[in-house]
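Residues per chain are reported as follows:
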Amino acid sequence: MISKLTGKLIEAIPPQVVIDVNGVAYEADVSMQTFYTLPPVGETVSLYTQLIVREDAHLLFGFGSHSERNTFRQLIKVSGIGAKTALGILSAMNADELAAAIAAEDIKRLSSAPGIGKKTAERMVLELRGKLTASGIAQAQLAAQADDSSEDIVSTLLALGYNEKEARAAAKGIPADTEVGEGVRLALKNLLK
């Protein structure tokens with residue numbers, strides 16, 4: 001198993017890179033997240049790798065961080081997600097953003113990745129829930145988005161003539177990842193009870 005490569009970057013054409021390690025050149029596919037963090041051609045680069053052996057090919061994938069490689073390993077375990085699709089997902093969002101989207105069950109965000117439809121996004125949530133962890137920064141961003149959504153719901157209810165106490169009570173039980181329009185509808189339902 002090839003776990004990590006450190007050598008001179010001799011070619012970088014998305015999504016592939018070629019790294020010369022003591023005279024042996026390794027070709028690896030990388031996510032766009034990793035590609036944009038690469039040093040200039042001719043400089044030393046270090047990538048964590050994952051080798052996938054198929055009947056017709058040996059494919060090497062490179063990652064800029066240990067967490068990105070671990071996320072890739074979890075993604076390819078999901079039914080219907082192959083190595084190229086997993087790399088596409090990691091190109092669309094970094095490992096922390098993906099973990100936060102799965103924790104929030106944000107099907108819309110997951111479906112925005114290339115090759116991922118609603119059913120695959122739902123399967124990702126089911127199979128990866130609790131297996132990926134977001135950094136504190138990603139979790140804080142997710143919480144801030146949820147707070148913004150909740151505040152937008154309360155503001156809309158205030159504009160409709162409800163007092164602040166009623167608006168906050170109605171918005172309290174609404175899931176954090178609910179869109180504002182749907183949240184207002186649910187809050188109005190709560191007020192009618």
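Worth saying up front: this structure is predicted, and the values here are computed from it rather than measured.

(A) Just the packing of helix α2 (residues 66-75) against helix α3 (residues 83-92), in detail. Close contact between α2 and α3 brings their axes to 9 Å; oriented N to C, the two are set at 135 degrees. In terms of orientation, α2 and α3 fall into the oblique class. Of the two elements, α2 crosses α3, and the hand of that crossing is right-handed. Mapping the contact onto sequence places Glu 68, Thr 71, Phe 72 and Leu 75 in α2 and Ala 83, Ala 86, Leu 87, Ile 89 and Leu 90 in α3. For the contact of α2 with α3, the per-class residue count stands at 7 nonpolar, 1 polar and 1 charged.

(B) A look at the nonpolar core. By size, the foremost hydrophobic cluster in this structure holds 25 residues, and its most contacted members are Phe 72, Leu 75, Ile 81, Ile 89, Leu 98, Leu 110 and Met 124. The set of elements that each furnish at least two residues to this core consists of β5 (58-63), α2, α3, α4 (95-103) and α6 (118-128). Ranked by residue count, the leading element in this core is α3, at 5 residues. Taken domain by domain, the makeup of this core includes at least three residues from each of domain 1 (4-63) and domain 2 (66-134). Leaving out residues up to four positions away in the same chain, Leu 110 has contacts with Met 93, Leu 98, Ala 101, Ile 102, Ile 116, Ala 121, Met 124 and Val 125. One finds Leu 5, Leu 9, Val 17 and Leu 47 within the second-largest nonpolar core, a separate group that totals 12 residues.

(C) Representation of the sheet that holds strand β4 (residues 44-53). Sheet architecture is closed into a barrel: 5 strands sit in the order β1-β2-β3-β5-β4, paired in mixed fashion. When strand polarity is set aside, the average angle formed by the axes of neighbouring strands in this sheet is 55 degrees. Pairing of strand β1 (residues 4-13) with β4 involves 5 bridges; the strand directions are antiparallel. Each residue of the ladder has a partner; that of Thr 6, found in β4, is Ser 46. Contacting β4 and β5, α2 runs over the sheet at an angle of about 15 degrees to β4. Contacts between α3 and the sheet are confined to β3 (24-30), β4 and β5, with β5 contributing the most and set at about 15 degrees to the helix.

(D) Up close: the side chain of Asp 29. Tracing the backbone shows Asp 29 in strand β3. Of the residues examined, Asp 29 reaches a relative accessible area of 6% and is grouped as buried. Residues contacting Asp 29, with those up to four places away along its chain left out, are Pro 15, Gln 16, Leu 60, Phe 61, Gly 62, Lys 84 and Leu 87.

(E) Quick look at unusual backbone geometry. Of note, the bond from Pro 14 into Pro 15 is cis; its omega dihedral lies within 30 degrees of zero at 0 degrees. Residue placement: Pro 15 occurs in the loop between β1 and β2 (16-21). One non-glycine residue with positive phi stands out, namely Asn 22, at about 50 degrees. Mapped onto the elements, Asn 22 comes out in the loop between β2 and β3. Positioned with a positive phi, Glu 105 is a non-glycine residue whose angle comes to about 55 degrees. Structurally, Glu 105 is set in the loop between α4 and α5 (107-111). Residue Glu 105 is classed as partly exposed on the basis of its relative accessible area, which comes to 39%.

About the criteria used
Residues numbered from 1 in each chain as written. Predicted model: local features only at pLDDT ≥ 70, side-chain atom pairs only at ≥ 80, totals over all residues. Heavy atoms only, no water. Axes fitted to C-alpha atoms, helices over the stretch in contact; angles between N-to-C directions. Helix = DSSP H or I, 4+ residues; strand = E, 2+ residues; numbered from the N terminus. Parallel < 35°, antiparallel > 145°, perpendicular 65-115°, else oblique. Left-handed = near helix turned anticlockwise from the far one by under 90°. Contact = heavy atoms within 4.5 Å. Nonpolar A, V, L, I, M, F, W, Y, C, P; charged D, E, K, R; others polar. Core = buried A, V, L, I, M, F, W, Y, C linked by side-chain atoms within 4.5 Å. Buried < 20%, exposed > 50% of the residue type's maximum accessible area, 1.4 Å probe, protein only. Domains from an automatic or database assignment. Pairing = 2+ DSSP bridges.

Such coordinate-based values are descriptive only and should not be taken to indicate function.
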